[in-house]
Amino acid sequence: MDEFIEPRRKLLSDGRLVEFSEWETSEHTQIAGDIAARFGEYRKSGVMNGEPFEGGGTKSIQFVRTPEGWRIASFTWYDQP
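Since the structure is predicted, the reported quantities are computational estimates derived from the model, not experimental observations. (Residues numbered from 1 in each chain as written. Predicted model: local features only at pLDDT ≥ 70, side-chain atom pairs only at ≥ 80, totals over all residues. Heavy atoms only, no water.)

Visitor: Even after reading the chapter, I still don't get the overall build of the chain, so can you show me in this structure?
Guide: What the chain contains, in helices and strands, is one helix and four strands. Sequence-ordered secondary structure for the chain, helices as α and strands as β, is α-β-β-β-β. In terms of its C-alpha atoms, the chain occupies a principal-axis envelope of roughly 45 × 30 × 20 Å. Expressed as a percentage of the 81 residues in the chain, the buried residues total 20%. Expressed as a percentage of contacts within the chain between residues at least 6 apart in sequence, the contacts between residues at least 24 apart total 32%. Carbon together with sulfur atoms contributes 56% to the accessible area of the chain, which is approximately 6200 Å² in total. Side-chain charges of the chain comprise 10 positive and 14 negative groups, with the mean position of each set lying 2 Å from the other. (Helix = DSSP H or I, 4+ residues; strand = E, 2+ residues; numbered from the N terminus. Buried < 20%, exposed > 50% of the residue type's maximum accessible area, 1.4 Å probe, protein only. Contact = heavy atoms within 4.5 Å. Areas by Shrake-Rupley, 256 points an atom, 1.4 Å probe, with all protein chains shown as cover. Lys, Arg positive; Asp, Glu negative; His and termini not counted. Charge placed at Lys NZ, Arg CZ, Asp CG, Glu CD.)

The following block contains the structure:
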């Protein structure tokens, strides 16, 4: 897990990435009892190393309902080239 978190933590805190924004452009959510799945498209923009960029992709998030509320069970995404 650290090999996933640490590079992102550094990117978000060392000043290389600024003015970052991400927003959902479409989504579909299905709930069946205590499980749910959300599939969505997104766009993003920001400035990386002084250069503006834009992009987008697809996300899939699976949830499970616990006594404490909904929790993320898995999260995957694909950034479109």
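Visitor: Mind showing me how you'd approach a nonpolar patch on the surface here?
Guide: Judged by side-chain polarity, Met1, Phe4, Ile72, Phe75 and Trp77 come together as a nonpolar surface patch covering roughly 540 Å² of accessible area. Here the element with the most residues in the nonpolar patch is strand β4 (residues 69-79); it accounts for three residues. Take Met1: it is sitting in the segment before α1 (2-13). (Patch = residues over 30% accessible without salt bridge, like charges linked within 9 Å, V, L, I, M, F, W, Y side chains within 5 Å. Salt bridge = Lys/Arg side-chain N within 4 Å of Asp/Glu carboxyl O.)

Visitor: Can you walk me through α1 in this structure?
Guide: Helical periodicity: at 3.6 residues per turn, an α-helix aligns residues three or four positions apart in one direction. An ideal rise of 1.5 Å per residue puts 16 Å on twelve residues; α1 measures up with 16 Å between its terminal C-alpha atoms. Once α1 finishes, Gly15 follows within two positions and takes phi at roughly 90°, a positive value. (Expected span 1.5 Å × (residues − 1).)

Visitor: Any chance you could explain the pattern of salt bridges here in plain terms?
Guide: Inspection of the entire model under this criterion finds eight salt bridges. Where Arg43 meets Glu54, a salt bridge forms, and the shortest distance between an N and an O atom there is 4.0 Å. Here the residue Arg43 occupies a position in strand β2 (residues 35-48), and Glu54 occupies one in strand β3 (residues 51-66), the gap between them amounting to eleven residues. Two residues, Asp79 and Lys44, come together in a salt bridge whose shortest N-O distance is 3.3 Å. Highlighted residues: Asp79 in strand β4 and Lys44 in strand β2, separated in sequence by 35 residues. On the basis of relative accessible area, Asp79 is assigned to the partly exposed category, the value being 34%. Judged by its relative accessible area of 16%, Lys44 is buried.

Visitor: Quick question: what am I supposed to make of the sheet that holds β4 here?
Guide: Sheets are built from strands that pair by backbone hydrogen bonding, the pairs being arranged parallel or antiparallel. The strand order across the open sheet built from four strands is β1-β2-β3-β4, with neighbouring strands paired in antiparallel fashion. Whereas interior strands pair on both sides, the edge strands pair on one side only; in this sheet they are β1 (17-32) and β4. The mean inter-strand angle of the sheet, taken between neighbouring strand axes irrespective of direction, is 25°. (Pairing = 2+ DSSP bridges. Axes fitted to C-alpha atoms, helices over the stretch in contact; angles between N-to-C directions.)

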